[in-house]
Amino acid sequence: MSKIFKIQFSKMKPVFSVFLLLLFSIFHCNSENLEKENTDNNPYEFHIGGVLSSNASEDYFKQTIEHLNFNTPFMKPGNTFYAHSIKMDPNPIKTALNVCKQLIVRRVYAVIVSHPQIGDLSPAAVSYTSGFYHIPVIGISSRDSAFSDKNIHVSFLRTVPPYSHQAEVWVELLKYFNYLKVIFIHSSDTDGRAFVGRFQTTSQNQGEDIEKKVQVEAVIEFEPGLFHFNNQLNEMKNAQARVYLMYASKLDAEIIFRDAADRNMTEAGYVWIVTEQALDANNVPEGTIGLKLVNASNELAHIYDSIYILASAITDMNRTKTITPPPADCDNSGAIWDTGKTLFEYIKKQVYKDGHTGKVAFDNNGDRIYAEYDIVNVKEVANKDAIGKYYFNNELNKMKLRLNESNIIWPGRLKKKPEGFMIPTHLKVLTIEEKPFVYVRPLKKEDGNSCKTDEIMCPLYNTSSKEPIVYCCKGYCIDLLVELSETINFTYSLSLSPDGQFGNYEIRNNSASGKKEWNGLIGEIVYERADMILAPLTINPERAEFIEFSKPFKYQGITILEKKPSRSSTLVSFLQPFSHTLWVLVMGSVHVVALVLYLLDRFSPFARFKLINADGTEEDALNLSSATWFAWGVLLNSGIGEGTPRSFSARVLGMVWAGFAMIIVASYTANLAAFLVLERPKTKLSGINDARLRSTMENLTCATVKGSAVDMYFRRQVELSNMYRTMEANNYETAEDAIRDVKNDKLMAFIWDSSRLEFEAAQDCQLVTAGELFGRSGYGVGLQKGSPWSEAVTLSILDFHESGFMESLDDKWIFQGRVEQCEDQEKTPNTLGLKNMAGVFILVAVGIVVGMVLIVIEIGYKKHHVRKQNRLQLARNYGQTWRAIVQKRKMMRMHGRTSGVGALSLSVEALPRSVLNISPIRSIETLPRTCRNSPSPTRAWSGRQMVHRKSDDIPLRSPIGGPPQLHFHNNLM
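Residues numbered from 1 in each chain as written. Predicted model: local features only at pLDDT ≥ 70, side-chain atom pairs only at ≥ 80, totals over all residues. Heavy atoms only, no water.

Quick look at the overall build of the chain
When you go through the chain residue by residue, the secondary structure sums to 29 helices and 32 strands. The long-range share in the chain, meaning contacts at least 24 apart out of those at least 6 apart in sequence, stands at 71%. Here the chain displays about 52400 Å² of accessible surface, and carbon together with sulfur accounts for 55% of that area. (Helix = DSSP H or I, 4+ residues; strand = E, 2+ residues; numbered from the N terminus. Contact = heavy atoms within 4.5 Å. Areas by Shrake-Rupley, 256 points an atom, 1.4 Å probe, with all protein chains shown as cover.)

Structural notes on the pattern of salt bridges
With the rule as written, the count across this model stands at 23 salt bridges. Lys812 is the salt-bridge partner of Asp479, the closest N and O atoms lying 3.1 Å from each other. Note that Asp479 is positioned in helix α12 (residues 476–488) and Lys812 in helix α24 (residues 805–815), a separation of 333 residues in sequence. Residue Asp479 is classed as buried on the basis of its relative accessible area of 18%. Taking the relative accessible area as the measure of exposure, Lys812 reaches 48% and is therefore partly exposed. For Glu542, the salt bridge is made with Arg716, and the minimal N-O distance between the two is 2.8 Å. In this pair, Glu542 is assigned in helix α14 (residues 541–544) and Arg716 in helix α19 (residues 709–716), connecting sequence segments 174 residues apart. Shared partners join several salt bridges into a network, and the residues in it are Glu434, Glu736, Arg756 and Glu760. (Salt bridge = Lys/Arg side-chain N within 4 Å of Asp/Glu carboxyl O. Buried < 20%, exposed > 50% of the residue type's maximum accessible area, 1.4 Å probe, protein only.)

Regarding a nonpolar patch on the surface
A grouping of Val846, Val849, Val850, Val853, Leu854 and Ile857 is seen on the molecular surface, where their side chains present a nonpolar patch of about 510 Å² in accessible area. When you line up the elements, Val849 lands in helix α26 (residues 834–895). Classification of Val849 by relative accessible area gives partly exposed; the value is 49%. (Patch = residues over 30% accessible without salt bridge, like charges linked within 9 Å, V, L, I, M, F, W, Y side chains within 5 Å.)

Some words on the sheet that holds strand β26 (residues 554–563)
Pairing is mixed across the open sheet formed by four strands, whose spatial order is β27-β28-β26-β29. Both edges of this open sheet fall to β27 (702–703) and β29 (767–779), since each of them pairs with a single strand only. Pairing between β26 and β29: eight bridges, direction antiparallel. Within β29, the residue paired with Gln556 across the bridge is Ser777. (Pairing = 2+ DSSP bridges.)

Re the pairing of strand β15 (residues 383–393)
One ladder, built from seven bridges, connects strand β14 (residues 373–380) with β15; its direction is antiparallel. When the bridges of β15 are listed, Val376 appears paired with Ala386. The loop that links β15 with its antiparallel partner strand β16 (residues 398–403) comprises four residues; one of these, Asn397, has a positive phi angle of about 55°.

Focus: the sheet that holds strand β8 (residues 243–247)
Strand order in the open sheet formed by eight strands is β7-β6-β8-β9-β10-β14-β15-β16, with mixed pairing between adjacent strands. Bordering the open sheet on either side are β7 (215–222) and β16, each of which pairs with just one other strand. Strand-to-strand twist of the sheet, defined as the mean angle between neighbouring strand axes without regard to direction, takes the value 25°. In the packing of helix α8 (residues 250–262) onto the sheet, contacts are made with β6 (181–187), β7, β8 and β9 (271–274), and the angle to β9 comes to roughly 180°. (Axes fitted to C-alpha atoms, helices over the stretch in contact; angles between N-to-C directions.)

Some remarks on the state of the cysteines
Inspection of every chain in the model, using the stated rule, returns three disulfides. Residue Cys100 pairs covalently with Cys330 via a disulfide, S to S 2.1 Å. Between Cys100 and Cys330, the disulfide has an S-S torsion of -95° and is therefore left-handed. Taken as a pair, Cys100 in helix α3 (residues 92–103) and Cys330 in the loop between α10 (299–320) and α11 (338–349) lie far apart in primary sequence, 230 residues in all. For Cys100, a relative accessible area of 16% corresponds to the buried category. (Disulfide = S-S within 2.5 Å.)

A few points about the nonpolar core
Counting 49 residues, the largest nonpolar core has Val51, Phe61, Phe81, Val111, Leu310, Leu343 and Ile347 as its most contacted members. The greatest single-element share of this core, amounting to ten residues, is contributed by α10. Once you skip the residues sitting within four places of it in the chain, Leu343 turns out to touch Tyr109, Pro136, Leu310, Ala313, Ile314 and Met317. Leu700, Ala703, Tyr713 and Ala770 belong to the second-largest nonpolar core, a separate cluster that totals 46 residues. (Core = buried A, V, L, I, M, F, W, Y, C linked by side-chain atoms within 4.5 Å.)

A short note on helix α6 (residues 190–204)
Taking 1.5 Å per residue, 15 residues should reach 21 Å; α6 reaches 21 Å between its end C-alpha atoms and fits that length. Turning to α6, its buried residues are Asp191, Gly192, Phe195, Val196, Phe199, Thr202 and Ser203. Taken around the axis of α6, the buried residues stretch over an arc of 135°, which confines them to a single face. Contacts made by the buried residues of α6 are with α5 (166–177), β6, β7 and β8. (Expected span 1.5 Å × (residues − 1). Arc of directions from axis to C-beta.)

A few points about the packing of α12 against α24
One way to put it is that α12 packs onto α24 with a least axis distance of 10 Å and a crossing angle of 150°. Taken together, the axes of α12 and α24 are roughly antiparallel relative to one another. In terms of crossing hand, the pair formed by α12 and α24 is right-handed. Residues Tyr476, Asp479, Leu480 and Glu483 of α12 touch α24, and the partners they reach there are Phe805, Met806, Leu809, Asp810, Lys812, Trp813 and Ile814. (Parallel < 35°, antiparallel > 145°, perpendicular 65-115°, else oblique. Left-handed = near helix turned anticlockwise from the far one by under 90°.)

Topic: α5
Look at α5: 17 Å from first C-alpha to last across twelve residues, which is about the 16 Å you get at 1.5 Å a residue. Burial of α5 is extensive: nine of the twelve residues sit out of reach of the surface. Taken together, the buried positions of α5 are Gln166, Ala167, Val169, Trp170, Val171, Leu173, Leu174, Lys175 and Phe177. Just downstream of α5 lies Asn178, where phi reads positive at about 60°.

Here we look at the UniProt feature "binding site: L-glutamate" (unreviewed entry) in the chain
Per the UniProt annotation, the sites labelled "binding site: L-glutamate" (unreviewed entry) are Pro536, Thr538, Arg543 and Asp753. Structurally, the position occupied by Asp753 is in strand β28 (residues 749–753). The buried category is assigned to Asp753, whose relative accessible area is 5%. Excluding its chain neighbours within four sequence positions, the residues that come into contact with Asp753 are Thr538, Gln556, Gly557, Val710 and Tyr779. (UniProt positions renumbered as here; feature names shortened; annotations may be inferred.)

Some words on the confidence of the model for the chain
Scored by pLDDT, the chain comes out at a mean of 79, with 77% of its residues at no less than 70. Considering only residues more than four positions removed or in separate chains, one finds that residues 1–37, a stretch of pLDDT under 50, has one contact. (pLDDT = per-residue confidence, 0-100.)

Here we look at unusual backbone geometry
The omega angle of the peptide bond from Lys435 to Pro436 is 0°, so this bond is cis rather than trans. When you line up the elements, Pro436 lands in the loop between β17 (426–431) and β18 (439–442). The backbone of Asn178 shows a phi angle near 60°, a positive value even though the residue is not glycine. Mapped onto the fold, Asn178 is located in the loop between α5 and β6.

Brief notes about the packing of aromatic side chains
In the structure shown here, the tally under the stated rule is 37 aromatic pairs. Considering the side-chain rings of Phe177 and Tyr179, the 5.9 Å spacing of their centres and the 35° angle between planes classify their relative orientation as tilted. Considering the side-chain rings of Phe750 and Trp752, the 5.9 Å spacing of their centres and the 20° angle between planes classify their relative orientation as stacked. One aromatic cluster in this structure is built from Trp170, Phe184, Phe195, Phe199 and Tyr247. The lysine or arginine in question, Lys349, covers the ring of Tyr346, its NZ or CZ lying 5.5 Å from the ring centre. The positively charged end of Lys359 is found above the aromatic ring belonging to Tyr370, 4.4 Å away from the centroid. (Phe/Tyr/Trp six-rings, centres within 6.5 Å; stacked < 30°, edge-to-face > 60°. Lys NZ or Arg CZ within 6 Å of the ring centre and 35° of its normal.)

Some words on the UniProt feature "site: Interaction with the cone snail toxin Con-ikot-ikot" (unreviewed entry) in the chain
In the numbering used here, UniProt assigns the feature "site: Interaction with the cone snail toxin Con-ikot-ikot" (unreviewed entry) to Arg715. Position of Arg715 relative to the elements: it lies in helix α19. Under the relative-accessibility criterion, Arg715 is labelled partly exposed at 45%. Once residues lying within four places of it in the same chain are set aside, the contact partners of Arg715 are Asn504 and Tyr724.

What to know about the environment of Val294
As for its placement among the helices and strands, Val294 is situated in the loop between β10 (289–293) and α10. Along the sequence, Val294 and Glu372 sit 78 residues apart, while their C-alpha atoms lie 5.6 Å from each other. Excluding anything up to four places from it in sequence, Val294 contacts Glu372, Tyr373, Asp374 and Lys389.

Here it is, written out as structure tokens:
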């Protein structure tokens, strides 16, 4: 079912779309017709009221409206405008009553109000009365900032700008003259505070040129109705800025100018820029620059523009909106005219390009924008010449400043523009301990009250102690400070950073508002407690937003410091030249060659030959033991005395083996020198892109200094966020602590400025920087925003670079000749020690032990072999003797038996010695005990060698059934 529905709906979709379009067209036409019917019901007569200052203004007001009825572009056919005017009464109450009785009863759609001849409250009364019913009021002269408050003057607009809008012209003037540090003087009334607020907002919103932001050095506020201005002027005179911006009434301006002239603060070197009211002072000093609103007093021109703006708004509203009649009296206090609110919004949207007062438009508060001003220069008290204009440029579609600077007369009747600031000749300079740029040591008693000749006194003013702690400073930055002071001619007082930090932008612990503040060196400059920072201060965007930097005096980057890894020498270091596989192949080759040599010499027909001068015997072929000895001897280059191959084929293999051994030994010797002598340990890390730094590892610790420029760099880099989260907990307070831990193997990698780390690596050759530089920047001199010394310091530093002075500071303080020492040490071969060659000695010791074990085995084996040979020899001798006796008996039987023992004894003695070869007595002991101790009563032979048998006689028995036994005495042996 659902499938059928989908198919049907897909077929119906075009028809459904056409149907929706038709419904929309019908609804749109109906709404247009309804709206047209509603607008057709709008009134055709529109009454406009006017509260004007003179009869002439009233007449012009009526004439302009009569002329408007014949001006087709501003009129809807059939519509008619009517004029109703009253004269302004100085009494605001009467004015309000007249508005109710003479204007509101005529159902006026809007009221145009002029300024009173006496007093300033009558326009406000008109605004209050009309605004209660939301009847729009267009002022043509009221410039108080209070009328911009729409909570009070809900339906008030004006064709003149408020006084505070002059601040925009002031900012353009300051940028044109390049005055970036000023002192602002204003009254404490509503207009004065609105003026300074708009000035500060406008000056900070000049985004196109961040380097030209105007800085207010001081804001001097005074109560209107002054009697004297001496204290404030004394404060101003001690400041650096000599450009004074003043908003004051005519009377207050006269008091300020009088006291300033008494202190010569209106003479050469000073600049006064004032508003329209102050420019009207009777004693305005010569050279003052002020503003005059164009057509400010031309009431008729403003009446004309107001009427046409109003008529254009009513005509636009009449075409699109339903208009209800205005209130008819002031008695019905609850009646709110909604059409008046709509008309107010339509008026604000109007832009009249060809107005008699210029381009007319309004901002959200109903204040006039695009107002034009004349730039006025006071050349004499009674002579105020226009030297330029602030006007709307149609081509650029924005306000533009045009000045004729050559016509300007400055205070002191100078034609040359003043500098606008007083350059202080004594500066408060701050620094911080950071080797090798600044070395700090406490001043000792034996030094007296002064430091050494190459040092400068640098006290530490700490908030925790009332009395400063006196130190002596020297180093790279100190030499640079001395050279700068001599070059651009200033004196200075040097001190250390109060909290020992470079500067971090963070929320203070005691700050209830949560506002971030600078601390350290940067905070001292930002809050104007110091004039200059001369330290290894890295230039970065965060700091440059709040302070001014010179050109870098030292270009550098960020790098990593680590300790050189110590090469671990094992007991088998001498085996490192060859891999394990190669060693196995060499060992196997020795025994394979020995076996092949043995086989070749064994089966070769030419392996045996007659020895010269020999007894004719043949020498045996090369055995396996001799072949192995030969192979090892050739490989180890030892002399071969015997056991060499005899056949030609074996000797050819021996020569090839000798060549192989020569190559192997030469390669081993060369690589052994490289491994044990010339090898240098490399760094553990390859740089900032090392994977071990990018990923979290427990056994790898890296850190930097809290709140430093390096710390800020890691915060900015998104790709280093994981690394920063890991190292943030390990960060140190000072670089000294981190470097000490690197030396003590407590910290693996310290990330810091390359200049400092290169210095540390030059001082200690056990330290090394890893990888290439990253985050390249430079060290600059820190100054206050708009400091008069900025340009001079920058030019001097550039000259120092060109003259080689900065390079000499590098050689003196950073490298100190230590780099060459480390390089020479790197090139010098290592001295081999017991740690490198311990394995060789252990190998010799093992050889000695193995040799001693083998000799013991050989001795035992030899004894066992000798015993076995002795037994065999005795048995052999016994057999020979018995054979001889048996043969003798056979002979005697053949010749007949002789009688008596003597004949037998003589026969025995007549036997050859070889027959009676009996082993010595020590060999007889080896006979079986049954032979040694056999008791036989048989008599021994007579003679000098035969005696009667004793208990230790050695029996010599014959087999059972054989001849009688013979017994030999021991002495016979």
